[in-house]
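Inside the fold
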Amino acid sequence: MKALTFAAGFLAASAALADETVLTVYAPDYFTSEWGPGPKIEEMFEARCGCDLQFKPGDLLPRILLEGERTEADVVIGLNTDVTKQARESGLFAPHGQDLSPLTLPVAWTDDTFLPFNYGHTAFVYNTERLAQAPASFDDLLNAPDDLKLVIQDPRSSISGLALVLWVQAVYGDRAQEAWAKLAPKVLTVTKGWSESYGLFTDGEADMVLSYTTSPAYHIIAEGDLTKKAAIFPEGHYFMVELAARTATTDVPELAEDFLAFILTEDFQSMIATGNWSIPAALSADKWPEGFRQLDLPETVLFYSEDEAAALRDQAIEAWRQGLSQ
Amino acid sequence: MASRPVAVIAALAVAGLTLGPVAAVLARAGGWAALGPGDLDALRFTVWQALLSALFSVALAIPAARALARRRFAGRGLLVALLGAPFILPVIVAVLGLIAVFGQNGLLNGALRAAGLPTVSIYGLHGVVLAHVFFNLPLATRMILQGWLAIPAERFRLAASLGLTPGALFRMLEWPMLLRIAPSAFAVIFVICLSSFAVALTLGGGPRATTVELAIYQAVRFEFDLGRAALLAVIQLGLAMAAGLVALVLARGTGFGAGLDRQVARWDGQGRAARLGDAAWIVLVAAFLLTPLAMVVARGVPGLGQLGADAWEAARHSLLVALASTALCLAWALPLATRRGEVLGLAGIAVSPLVIGTGLFLIVRPFANPFALALPVTTLVNALVALPFALRILAPQAEAVRRDFGRLSAGLGLTPLAWLRLVLLPRLRRPLGFAAGLTAALSMGDLGVIALFGDPDRETLPLHVYRLMGAYRTEAAAGGALVLLALSLGLFWAFDRGGRVGAEA
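Residues numbered from 1 in each chain as written. Chains lettered and ligands numbered in written order. Predicted model: local features only at pLDDT ≥ 70, side-chain atom pairs only at ≥ 80, totals over all residues. Heavy atoms only, no water.

Within chain A one finds 13 helices and 12 strands. Its C-alpha radius of gyration of 21 Å places chain A within 12% of the 20 Å reference for a compact globule of 326 residues. For chain A, the residues scored as buried account for 60% of the 326 residues in total. Long-range pairs, those at least 24 residues apart, make up 78% of the contacts in chain A with a sequence separation of at least 6. Summed over its atoms, the accessible surface of chain A is roughly 12500 Å², and 51% of this surface lies on carbon and sulfur atoms. (Helix = DSSP H or I, 4+ residues; strand = E, 2+ residues; numbered from the N terminus. Rg over C-alpha atoms; globule rule 2.2 N^0.38 Å. Buried < 20%, exposed > 50% of the residue type's maximum accessible area, 1.4 Å probe, protein only. Contact = heavy atoms within 4.5 Å. Areas by Shrake-Rupley, 256 points an atom, 1.4 Å probe, with all protein chains shown as cover.)

Put into structure tokens, the structure is as follows:
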């Protein structure tokens, strides 16, 4: 059976070499691993386009900015709102041409270039067996005893870390640095990226970890583990969305647009929840997988437009740095 | 003798591969940019933690190496081989291993709690230094151990027949050797700690533990401020070269002249106090290094079954890269194995991997598709990064061979090839084995430079482990880390063993 699959794959690959149009898609590193959404996206899209979709994983924006107009990318998938301003100003991306009415995001979305495919919110995730009573609000968290230990990510090296400082900025405004100073004794450590933090949390090193409202879905669906929960704060949670766009330089613009249209189809949207452990951007909640419908989600969603975020970013990072360095 | 043109080519290759990418990044940026807020704080912290880390690593390594040099016991060979292990683990895996021992819920605090004592926190400057000592103490120990083993056996025999006191023996034989070896071991460790990033951040506990490398990461990946990245990379390079030059000046001493080129047993250090002291050092060092490793193994076993075919394919790629890097690195190191070559070699670990990766991407891109070059570029950069270690290990012995046998060989009119085959290589066998083992193991564990060269079909094992962690597969990632540890150690052991066959070490 394995040999057969291999032979079939080999034949398909040779056929692809022969005459199929290639759609080159740049994606983040985690996308193309066997547990990422990449392989399923490739399979589903190739079945409908009769083309060869090739993922090129790695640093998305730095690479495309280095390549400029000579980039091979036709489509880029997995960008975040914190880089869209820079991406837009590079002039390397073209309008997506999609009807945005199917979107089910908790914020209004009218961007004509960057198309959302899934979203989540920043949240502190905890283990109910270890922390029976999670803080009920952000204020509660700031005032919690100092032996409640958190691990967070550095806003200078991690997207979720940056979202956290913007979250604190949105909740506390001018008092952000003060809030950080209050949080400081509870911050066990700061890591380079999300993976390091989450590893520390699952090893039992900290009580709460900065992650996403959707993290518990992984534990529910993949492990049947109901003990991981996101603490929901009435002050609201920062919204994080992942985006796709087509390049202005693509030599297969129709195919690139077909791919963007595919992102909004129900097929793609039903797959992405468990493929990327995020909430689909264009799928009503009753069609979400069971584990996702069980999630605690915030009623208030906080979000900065890319211009606001760009204007506040340095200030928010500096408040974090000063507040935690005291 | 090793011919000069070859050495010049090897030196130019190092300079080109380190300065070239920096220049490419700078050219693309269109000029230097200013430093950001906090960059000076970061610089201060970087230098301070690197100094402390190098100081503690070398200071602790001296008694440990001495104990290992003069004791023979069951399991000594295994312990010496395991000393390579911490150095080669992916950073995140080693850090999780350390935290399993020293963390909030670690073994140490568990024991303290059971004894009714207050617990200790690993997070802070002391945690950063602890982790760097964990990584580098074994390396320093092995380097200094090589120095001890390179003292001609005749000197110890002479010292014994003259009835030298331990103090006199130390002054006459051991101190001159340490003076030659320790400063450059210090320099190598200082430079490697300069570019520390994830360790410093994770164990440093917050923004106070910011290093220059983090600022470079932020500049390249988040702000696309290549001018600032290039400036920071040059500052880092300057610091490293300064450390190298200081070591070059300090590391004087002329060695011991030629012996009969063989190893014999030692007569000194047989007193009761010396034995107990040595035993205590060996036990302490072994416990400090092996307990976190044992935790990595214990955490990894349950995840082994979860590894898929991709993991084994990634392991195969990593093995190929490691073997190719080793061959390349040794061929590169032999002509450069002199004191000046050693300083130059430091450049390989002094320039930020991210800047090298970005620069190589810019250089390669007009000529070839970077995606197809992911593995060759990794091989090349791994060889470059391992070069300073290989040089540090090979240089003292290579210089001694040149000094002791150079005139004789010139008198015999040996061709360069015959010199290499008959004189140099046989005498470098032990350091060559060690250097090859270290290079191979380092390349297995390396990540870093190819963030821009991604290719889904050419994944390496460390990358696979990181991707597993990124996809919530913590347990499978621990399994992958165990495979990585086993493969790296296996390679290290095989090469190192090969270098010691027939040598009484």
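When you go through chain B residue by residue, the secondary structure sums to 22 helices and zero strands. In terms of overall size, chain B behaves like a compact globule, its C-alpha atoms giving a radius of gyration of 23 Å where 505 residues would be expected to give roughly 23 Å. Within chain B, buried positions represent 58% of all 505 residues. Contacts in chain B between residues at least 24 apart in sequence constitute 86% of all its contacts with a sequence separation of at least 6. With the model as given, the accessible surface of chain B reaches about 19100 Å², and the carbon-plus-sulfur share is 69%. Within chain B, the 22 negative side-chain charges are centred at a point lying 9 Å from the centre of the 40 positive side-chain charges. (Lys, Arg positive; Asp, Glu negative; His and termini not counted. Charge placed at Lys NZ, Arg CZ, Asp CG, Glu CD.)

As enumerated under the stated definition, the model contains 35 aromatic pairs over all chains in all. Considering the side-chain rings of Phe170(B) and Trp175(B), the 6.2 Å spacing of their centres and the 40° angle between planes classify their relative orientation as tilted. Under the relative-accessibility criterion, Phe170(B) is labelled partly exposed at 28%. The exposure class assigned to Trp175(B) is partly exposed, which follows from its relative accessible area of 43%. Each residue in the set Tyr30(A), Phe31(A), Phe45(A), Phe55(A), Phe117(A), Phe259(A), Phe262(A) and Phe268(A) is aromatic and connected to the rest through ring pairs, giving one cluster. (Phe/Tyr/Trp six-rings, centres within 6.5 Å; stacked < 30°, edge-to-face > 60°.)

The next point concerns the interface of chain B and chain A. Opposite the 55 residues of chain B that make contact, chain A presents 57 residues. Scanning the region where chain B abuts chain A turns up six salt bridges. Among the salt bridges present, the one from Asp29(A) reaches Arg467(B), with a minimum N-O distance of 2.5 Å. At the boundary of chain B and chain A, one finds 16 residue pairs in polar contact (both at pLDDT 80 or more). Of all the secondary-structure elements, those providing two or more residues to the side of chain B that touches chain A are α5 (91-102), α10 (198-204), α11 (212-222), α17 (353-364) and α21 (461-470) of chain B. Element by element, the count of residues in the side of chain B that touches chain A is highest for α21(B), at seven residues. (Salt bridge = Lys/Arg side-chain N within 4 Å of Asp/Glu carboxyl O. Polar contact = N/O pair within 3.5 Å; in protein donor to acceptor, adjacent residues only side chain to side chain.)

Quick look at the pattern of salt bridges now. Working definition: two side chains of opposite charge can pair if their charged atoms are close together. A complete count under the given rule lists 30 salt bridges over all chains for this structure. Here Arg316(B) makes a salt bridge to Glu313(B), at a shortest N to O gap of 3.1 Å. Residue Arg316(B) and its partner Glu313(B) are located together in helix α14 (residues 309-336), separated by three residues, close to a single helical turn. Residue Glu313(B) is classed as partly exposed on the basis of its relative accessible area, which comes to 34%. A salt bridge links Asp404(B) to Arg403(B), with the nearest nitrogen and oxygen atoms 3.7 Å apart. Sharing partners across several salt bridges, the network here consists of Arg313(A), Asp39(B), Glu223(B) and Arg228(B).

Moving on, we come to the confidence of the model for chain A. Residues and elements named next belong to chain A. Looking at chain A, pLDDT values average 91 and 94% of them are 70 or higher. Looking over chain A, one finds the lowest element-wise mean pLDDT in helix α1 (residues 2-19), namely 47, and the highest in strand β8 (residues 208-212), namely 98. Low confidence marks residues 1-18, where pLDDT is under 50. Its contacts with residues over four positions away, or in another chain, come to two contacts. (pLDDT = per-residue confidence, 0-100.)

All names here are of chain B. Among the secondary structure elements, Pro138 is positioned in helix α7 (residues 125-149). Residue Pro138 is classed as buried on the basis of its relative accessible area of 1%. For the pair Pro138 and Phe492, spaced 354 residues apart in sequence, the C-alpha to C-alpha distance is 13 Å. Beyond its immediate sequence surroundings of up to four residues, Pro138 is in contact with Leu83, Pro86, Val133 and Leu289.

What follows concerns the packing of α7(B) against helix α20 (residues 429-445) of chain B. Residue and element names in this part refer to chain B. For the pair α7 and α20, interaxial distance at closest approach is 11 Å and the crossing angle is 170°. One finds that α7 runs roughly antiparallel with respect to α20. Seen from α7, the contacting residues are Leu139, Arg142, Met143, Gln146 and Leu149; seen from α20, they are Arg430, Pro431, Phe434 and Leu438. Its residues assigned to classes, the contact of α7 with α20 comprises six nonpolar, one polar and two charged. (Axes fitted to C-alpha atoms, helices over the stretch in contact; angles between N-to-C directions. Parallel < 35°, antiparallel > 145°, perpendicular 65-115°, else oblique. Nonpolar A, V, L, I, M, F, W, Y, C, P; charged D, E, K, R; others polar.)

Further remarks concern the side chain of His121(A). Residues and elements named next belong to chain A. Checked against the element boundaries, His121 lands in strand β5 (residues 115-127). Of the polar contacts made by the side chain of His121, one reaches the side chain of Thr213; its length is 2.8 Å. The contact partners of His121, leaving out residues within four places of it in the chain, are Pro106, Ser211, Tyr212, Thr213, His237, Tyr238, Met240, Ile279, Leu297, Pro298 and Val301.

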